[in-house]
Amino acid sequence: MDMSEDGINTEEYPTEIHDYLAAFEKSLGSVDEMLKTMMSLSRSELLQKLEPLEQAKMDLVSVYTLNSMFWVYLATQGINPKEHPVKQELERIRTYMNKVKEIADKKKASKLDKGAASRFVRNALWEPNAENEHTSKTPAKGKKRKMD
């Protein structure tokens with residue numbers, strides 16, 4: 001039996017896919033760690049620590065992950081997941097994920113302070129008037145004041 005350095009038996013599958021399988025195994029390990037972290041708290045404890053928008057994100061990611069795992073399960077059973085209702089469910093979840101993202105983006109967008117904006121524009125624009133044309137608060141360039 002030929003074992004690779006990863007501890008995977010390479011005689012059971014074509015060697016061309018070894019890198020893909022190693023990456024898949026690493027990804028599964030990451031998912032396992034994430035699930036252990038999520039499962040360490042009860043759902044209600046976890047949701048209490050989150051804002052409503054974050055709660056929605058967590059729910060959507062959870063249901064998307066579950067449906068994605070079902071997609072993979074169908075593929076491993078020889079069933080084409082593209083022809084299964086799980087495809088429509090994933091699309092529906094993606095639609096809601098986009099809606100939540102739009103809401104989050106709007107929330108992050110800076111709000112316009114109309115009063116500050118009008119003061120900024122008013123002060124940034126120079127308006128000549130009779131007083132400003134004859135007197136200046138700063139000496140003209142090229143002229144130096146004589147100190148006594």
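Quick caveat, the model's predicted, so the values are computed rather than measured.

Cut-offs and rules
Residues numbered from 1 in each chain as written. Predicted model: local features only at pLDDT ≥ 70, side-chain atom pairs only at ≥ 80, totals over all residues. Heavy atoms only, no water. Helix = DSSP H or I, 4+ residues; strand = E, 2+ residues; numbered from the N terminus. Contact = heavy atoms within 4.5 Å. Expected span 1.5 Å × (residues − 1). Buried < 20%, exposed > 50% of the residue type's maximum accessible area, 1.4 Å probe, protein only. Patch = residues over 30% accessible without salt bridge, like charges linked within 9 Å, V, L, I, M, F, W, Y side chains within 5 Å. Areas by Shrake-Rupley, 256 points an atom, 1.4 Å probe, with all protein chains shown as cover. Salt bridge = Lys/Arg side-chain N within 4 Å of Asp/Glu carboxyl O. pLDDT = per-residue confidence, 0-100.

Enquirer: Please explain the overall build of the chain as it appears in this structure.
Expert: The number of helices and strands found in the chain is 6 helices and 0 strands. The secondary structure elements of the chain, listed N-terminal to C-terminal, are α-α-α-α-α-α. Put simply, 32% of the contacts in the chain that link residues at least 6 apart link residues at least 24 apart.

Enquirer: Explain helix α4 (residues 85–108) to me, please; I cannot follow it from the model alone.
Expert: Every α-helix carries 3.6 residues per turn, so stepping three or four residues along brings you back to the same face. Given a rise of 1.5 Å per residue, 24 residues ought to cover 34 Å, and the 35 Å separating the end C-alpha atoms of α4 matches this to within 8%. Every buried residue of α4 is accounted for by V86, L90, I93, V100 and A104. Buried residues belonging to α4 abut α3 (52–76).

Enquirer: Teacher, can you tell me more about a nonpolar patch on the surface here?
Expert: A grouping of I17, Y20 and L21 is seen on the molecular surface, where their side chains present a nonpolar patch of about 290 Å² in accessible area. With respect to the helices and strands, I17 occurs in the segment before α1 (18–39). The partly exposed category is assigned to I17, whose relative accessible area is 34%.

Enquirer: Honestly, the confidence of the model for the chain in this entry has me stumped. Any pointers?
Expert: Low pLDDT means the predicted atomic positions in that stretch should not be read closely. Chain-level statistics for the chain give a pLDDT mean of 80 and a share of 75% at 70 or above. Across the chain, the element-wise mean pLDDT spans from 52 in helix α6 (residues 130–134) up to 94 in α4.

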